[in-house]
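An overview of the molecular structure
Here is what each chain is made of, one letter per residue.
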Amino acid sequence: MNKTIKASIAGLGFGVPDRVLTNRDLEKMVDTSDEWIRTRTGISERRVIDKGMGTSDLAAKAAVAAMKSAGVKPEEIELIITATSTPDMPLPSCACLVQQKIGAGKAAAFDLAAACSGFVYGLATGEQFIRTGFYKNVLVIGADAISSYIDWTDRSTCVLFGDGAGAAVLKPSTDHGILASSLGSDGQYADLLTISCGGSKRPASHASVDEKGHYLKMAGAEVFKLAVRGMTDSVTEALSRAGVKQDEIACFIPHQANLRIIDAVAERLDLPKEKIFVNLQKYGNTSAASCAIALCEAVEQKKVKKGDKVVLATFGSGLVWAAMVIEW
């Protein structure tokens, strides 16, 4: 009898800018303090791109590392999915720029927009191509350079975000891989986390720049509550679909946005702290790259072993949320 084909993560990699922006640095830029940021978010520093860099540069760096980890050559990549809310430019896609930079000339390529949930949405999308046999080597990237859209005089947002990229190579497997996913969205809350200008409805103009319409704006308290609920519910649903119990989770990798959100989700799911992987203190919220970078570091630090049940959970603008159960 034929075994069910799963999409397995064959290799991981990530890329972050060299420039480190610490809480002490932010104290000189805006009315805040290291203690205030750490106690309310858990973040100590973040990485920020230099002028002239784009999201595709970070994405390409992560992609090269993931391909090396998987033992896959650029010409063997058949599909590139780049999850990002901050492409280098409106056209062409960030994925096509990555394809050019890594030399994957035989691949199809497209961008996917699901904000901070982009990497998990990308894995779930790539999984379909693997499971149907359409492709055998799919490169999924989560990458964002949110610093390009931050108002550095707004202390409610500038302390939270950083830039980065993470990537995974998906291959078919019959004994391990992605077990189940849960994806969701609710557009009625679209105005809670936005960059309102720069698109087709309100293209760039003197007026849009003057009103700071190209900067990220967030209703933090409302987003916090919805994030906790969305992530908890999506994890519960994904576990149910996978037939996995909560106590079987070996490593929980939540969206690295705010330590208080992570703690609240963990409490609702009754997960002990030793099972939760956190690295937001180093990178802040890197949006679509968040779970990708955390998964990569968790594997590097041997927090994830063969046969482990790993759970990813994310939440972001849209509002969107997603969870995934993986057997490593």
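Calculation rules
- Residues numbered from 1 in each chain as written.
- Predicted model: local features only at pLDDT ≥ 70, side-chain atom pairs only at ≥ 80, totals over all residues.
- Heavy atoms only, no water.
- Pairing = 2+ DSSP bridges.
- Helix = DSSP H or I, 4+ residues; strand = E, 2+ residues; numbered from the N terminus.
- Axes fitted to C-alpha atoms, helices over the stretch in contact; angles between N-to-C directions.
- Buried < 20%, exposed > 50% of the residue type's maximum accessible area, 1.4 Å probe, protein only.
- Arc of directions from axis to C-beta.
- Contact = heavy atoms within 4.5 Å.
- Polar contact = N/O pair within 3.5 Å; in protein donor to acceptor, adjacent residues only side chain to side chain.
- Salt bridge = Lys/Arg side-chain N within 4 Å of Asp/Glu carboxyl O.

Regarding the sheet that holds strand β13 (residues 320-327)
Strands sit in the order β8-β13-β12-β11 across an open sheet of four strands; the sheet is mixed. Looking at which strands have only one partner, the edges of the open sheet turn out to be β8 (177-185) and β11 (249-254). Ignoring strand direction, the axes of neighbouring strands in this sheet form an average angle of 15°. Of the strand pairs in this sheet, β8 and β13 are connected by eight bridges, and their pairing is antiparallel. Within β13, the position partnered with Ser185 by the bridge is Val320.

Quick word on helix α9 (residues 259-269)
All buried positions along α9 are accounted for by Ile261, Ile262, Val265, Ala266 and Leu269. Down the axis, α9 shows its buried residues gathered within 130° of arc, on one side only. Turned more than 90 degrees away from the buried face of α9 sit Glu267 and Arg268, all of them exposed. Those residues of α9 that are buried are in contact with α8 (220-242), β11 and α10 (280-283). Measuring from the backbone nitrogen of Arg260 back to the side-chain oxygen at the start of α9 gives 2.7 Å, which picks out Asn258 as the cap. Positive phi shows up at Asp270, right after α9, with a value of about 55°.

As for unusual backbone geometry
That bond from Leu91 to Pro92 is cis: its omega, -5°, falls within 30 degrees of zero. Here Gly318 and Leu319 are connected by a cis peptide whose omega angle stands at -10°. As for its placement among the helices and strands, Leu319 is situated in the loop between β12 (309-316) and β13. Of note, the phi angle at Ala115 is positive, near 50°, even though the residue is not glycine. Tracing the chain through its elements places Ala115 in the loop between β5 (108-112) and α5 (118-131). A positive phi angle is found at Lys212, which is not glycine, with a value near 60°. Considering the arrangement of structural elements, one finds Lys212 in the loop between α7 (206-210) and β10 (217-218). Classification of Lys212 as partly exposed rests on a relative accessible area of 36%.

Comments concerning the pattern of salt bridges
Counted under the stated rule, the structure contains 10 salt bridges. One salt bridge in this structure joins Lys212 and Asp151, with 3.4 Å as the shortest N-O distance. Linking Lys212 in the loop between α7 and β10 with Asp151 in the loop between β6 (138-145) and α6 (155-158), this pair joins segments that are 61 residues apart in sequence. Between Lys305 and Asp308 there is a salt bridge, with its nearest N and O atoms 3.8 Å apart. Using a relative accessible area of 13% as the deciding quantity, one classes Asp308 as buried. Through salt bridges that share partners, Arg24, Glu27, Asp34 and Arg38 make up one connected network.

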